[in-house]
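If you want the building blocks of each chain, they are given just below.
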Amino acid sequence: MTQSTIPENPSINLDDNIELLTELFSDSTDYIGRKLTPGGEGAPSLYMAYIDAMTQRDLMDLTVIRRIFDMDWSALTPDEKSAGLYEALRDRGIATSDLSEAEKMEDVLYFIMAGDTAVFVENSTKVIIIATRGFPNRGVQSAETEVVVQGSREAFSEVMRFNTALIRRRIRDTGLKVKQSKLGTRSLTDIALMYVEGIVRPEVLAEVEKRLQSIEIDAIMDSGSVEQLIEESWLSPFPQAQLTERPDKAASALLEGRIAIIVDNSPFVIIVPVTLNAFFQASEDYYSRWQVMSATRFLRFIGAFIAVALPGIYIAIALYHPSMIPLLMASKLAEASQAVPFPVVMEIILLDSAFELLREAGIRLKNASGGTIGIVGGLIIGQAAVEAGLVSPIVVIIVAMTGIATFAIPSISLVYSFRLVKYGILFLAATFGFLGLWLGLLITLVHLASMKSFGFPYLMPFAASEMNKWEDLKDSLFRFPLFSLRRRPFFARKDQDIRMQSNPSKKS
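This structure is a prediction, so every number in the text was calculated from the model and none was measured.

A. The arrangement of the sheet that holds strand E10 (residues 269-272) in detail. What the 5 strands build is an open sheet, ordered E6-E7-E9-E10-E8; its pairing is antiparallel. A single partner strand is all that each edge strand has here, and the edge strands are strand E6 (176-183) and strand E8 (242-244). In this sheet, adjacent strand axes meet at a mean angle of 25° when their direction is disregarded. In terms of strand pairing, strand E9 (residues 259-263) meets E10 through 3 bridges, oriented antiparallel. Looking at the pairing, Ala 260 lines up with Ile 271 of E10.

Pasting the structure below:
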């Protein structure tokens, strides 16, 4: 049976509904359907349908089936037995508060496949939906990709409702709204939009909803797919939405006027809009002293520059401007390079490729062995390459410094972008020297300046900072004391830009 042949509404005849469900779920051994006649012979029947292992069996047995059989059916009037069984079950027969009704067969099928239980009643075109979802999940685990020294250890899970609860636990405000919808014509994946009403800009919220509604696809398996489908510039290597597995980070973003997109079956939550500056901010930046975290934040920006430009700088100097190297150092480099049969560009590409392979291998292996492979493998390959005369020692240092610098960047999405841009700058520097280096950096900067995320310039607050009276510069290269961050970032509505009324440290 195809989707187009499914009737719009359930039939008033219970056997027709049973026949339809049996045909739809044929060859599906996890589908459970049971017909009951709790009122005895001659009484109307009901039919319960659910998917095994996606429902809480204890809840089903105690609050539904047992309750139905414990009802005093003799107290029902003849009219209730023949036509009012539906109302009797809905009002007195099922002991659970989370109960709803469905009148369309498409909605009924969705609830069944989502883990709920559907109760069809004879002589009724309405269906009782009982919330019995209880599918397997990992529960609340520790964050793995955004590890912090100080701060919450909780991380999102693959269950959307758990994730919304983790955020609500941190924002106990009636203004926190959750709008739920579905994506994927076959997967029917649950999508939840979370935002704080009154702080979020209505035009940004409308744009996010518009882009989500425009997605036409058969299945959504992860939040990464949604991220790619709602981004503005698919040609850009830079991320245009922020992914996080930390509930505290998502809650902080909501209080800044941003929007969280929670995708069922994914432990990563999408945060929009986003700027380049947001990828350098970590949760613990606001949990430790501002002097320490300001220095750490600045080191991240330095690390980003090293990760992108250091190989290009070395190639430009070695090939086109060797006079910039001190004489003693130049003689040692020349002596070390004499035994190397490859040009310096090939040296860096070979060793950097080996380093990238080791990094990917470490990711795919278990945590314990992955770290060992990355460290030991890097040392062994680097030392062996130098002894074999394939690369010079300075190239090993350059590649190692470039790799270490990427680990200082909190966002793995931005790291992937920098790793790709690095090769473009490397080839330009190998072709034109410092002119190519600056040309590559300038092209990257112009590209970043041209990008927008849901109407916000990608380089804010470094560009167009006057939009928020230069307040956002206090949380950019350096993190100012918390009491000085009185205004919300430019994402929030203008009439809700104040988040701290006074300086608590100056109170007597």
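From this point, the narrative continues.
B. Inspection of the packing of helix H1 (residues 14-24) against helix H5 (residues 105-113) at higher detail. The interhelical angle for the contact between H1 and H5, taken along N-to-C directions, is 55°, at an axis separation of 13 Å. Relative to H5, H1 is oriented oblique. At the point where H1 passes H5, the crossing takes the right-handed sense. Of the residues in H5, those in contact with Asn 17, Leu 20, Leu 21 and Leu 24 of H1 are Met 105, Leu 109 and Ile 112. Each residue belonging to the contact of H1 with H5 can be placed in one class, and the counts come to 6 nonpolar, 1 polar and no charged.

C. Fine view of the packing of aromatic side chains. Enumeration over the complete set of coordinates arrives at 10 aromatic pairs. When the centroid spacing of 4.5 Å and the interplanar angle of 0° are considered together, the rings of Phe 25 and Tyr 31 count as stacked. Per residue, the accessibility class of Phe 25 equals that of Tyr 31, and both read buried. Site record: aromatic cluster; members linked through ring pairs are Phe 280, Phe 301 and Phe 462. Over the face of the ring belonging to Phe 454 we find Arg 211, whose NZ or CZ atom lies 4.1 Å from the ring centre. A cation over an aromatic ring shows up here: Lys 422 above the ring of Tyr 423, its NZ or CZ 4.9 Å from the ring centre.

D. Here's a closer look at the side chain of Ser 294. Relative to the helices and strands, Ser 294 resides in helix H10 (residues 290-320). With a relative accessible area of 7%, Ser 294 lands in the buried category. Only 2.7 Å separates the side chain of Ser 294 from the backbone oxygen of Trp 290, close enough to count as a polar contact. One polar contact links the side chain of Ser 294 to the main-chain carbonyl oxygen of Arg 479, over a distance of 2.6 Å. In this view, Ser 294 contacts Leu 477, Phe 478, Arg 479 and Phe 480; residues no more than four positions away in its chain are not counted.

E. Examining the pairing of strand E4 (residues 117-121) more closely. Burial within E4 is extensive, with 5 of its 5 residues counted as buried. The alternating pattern of E4 places Thr 117, Val 119 and Val 121 on one face and Ala 118 and Phe 120 on the opposite face, and all of these are buried. Examined bridge by bridge, strand E2 (residues 46-51) and E4 share 4 bridges and lie antiparallel to one another. The residue of E4 that forms the bridge with Tyr 47 is Phe 120.

F. Structural detail: the sheet that holds E2. An order of E1-E2-E4-E5-E3 is seen for the 5 strands of this open sheet, with the pairing classed as antiparallel. Two strands close off the open sheet at either side, each with one partner strand: strand E1 (31-36) and strand E3 (99-102). Neighbouring strand axes in the sheet, compared pairwise and without regard to direction, differ in orientation by 25° on average.

G. Summary view of the environment of Ala 492. Locating Ala 492 in the fold gives a position in the segment after strand E12 (456-457). Among residues more than four places away in sequence, those in contact with Ala 492 are Ile 199, Arg 201, Glu 256 and Gly 257.

H. Fine view of the environment of Ala 192. Its location among the elements puts Ala 192 in strand E7 (residues 189-196). Taking relative accessible area as the criterion, Ala 192 reaches 0% and is therefore assigned buried. Along the primary structure Ala 192 and Asp 264 are separated by 72 residues, whereas in three dimensions their C-alpha atoms are 8.3 Å apart. For Ala 192, the residues in contact, after removing those within four places along its chain, are Met 160, Thr 164, Val 178, Lys 179, Gln 180, Ala 260, Ile 261 and Ile 262.

About the criteria used
Residues numbered from 1 in each chain as written. Predicted model: local features only at pLDDT ≥ 70, side-chain atom pairs only at ≥ 80, totals over all residues. Heavy atoms only, no water. Pairing = 2+ DSSP bridges. Helix = DSSP H or I, 4+ residues; strand = E, 2+ residues; numbered from the N terminus. Axes fitted to C-alpha atoms, helices over the stretch in contact; angles between N-to-C directions. Parallel < 35°, antiparallel > 145°, perpendicular 65-115°, else oblique. Left-handed = near helix turned anticlockwise from the far one by under 90°. Contact = heavy atoms within 4.5 Å. Nonpolar A, V, L, I, M, F, W, Y, C, P; charged D, E, K, R; others polar. Phe/Tyr/Trp six-rings, centres within 6.5 Å; stacked < 30°, edge-to-face > 60°. Buried < 20%, exposed > 50% of the residue type's maximum accessible area, 1.4 Å probe, protein only. Lys NZ or Arg CZ within 6 Å of the ring centre and 35° of its normal. Polar contact = N/O pair within 3.5 Å; in protein donor to acceptor, adjacent residues only side chain to side chain.

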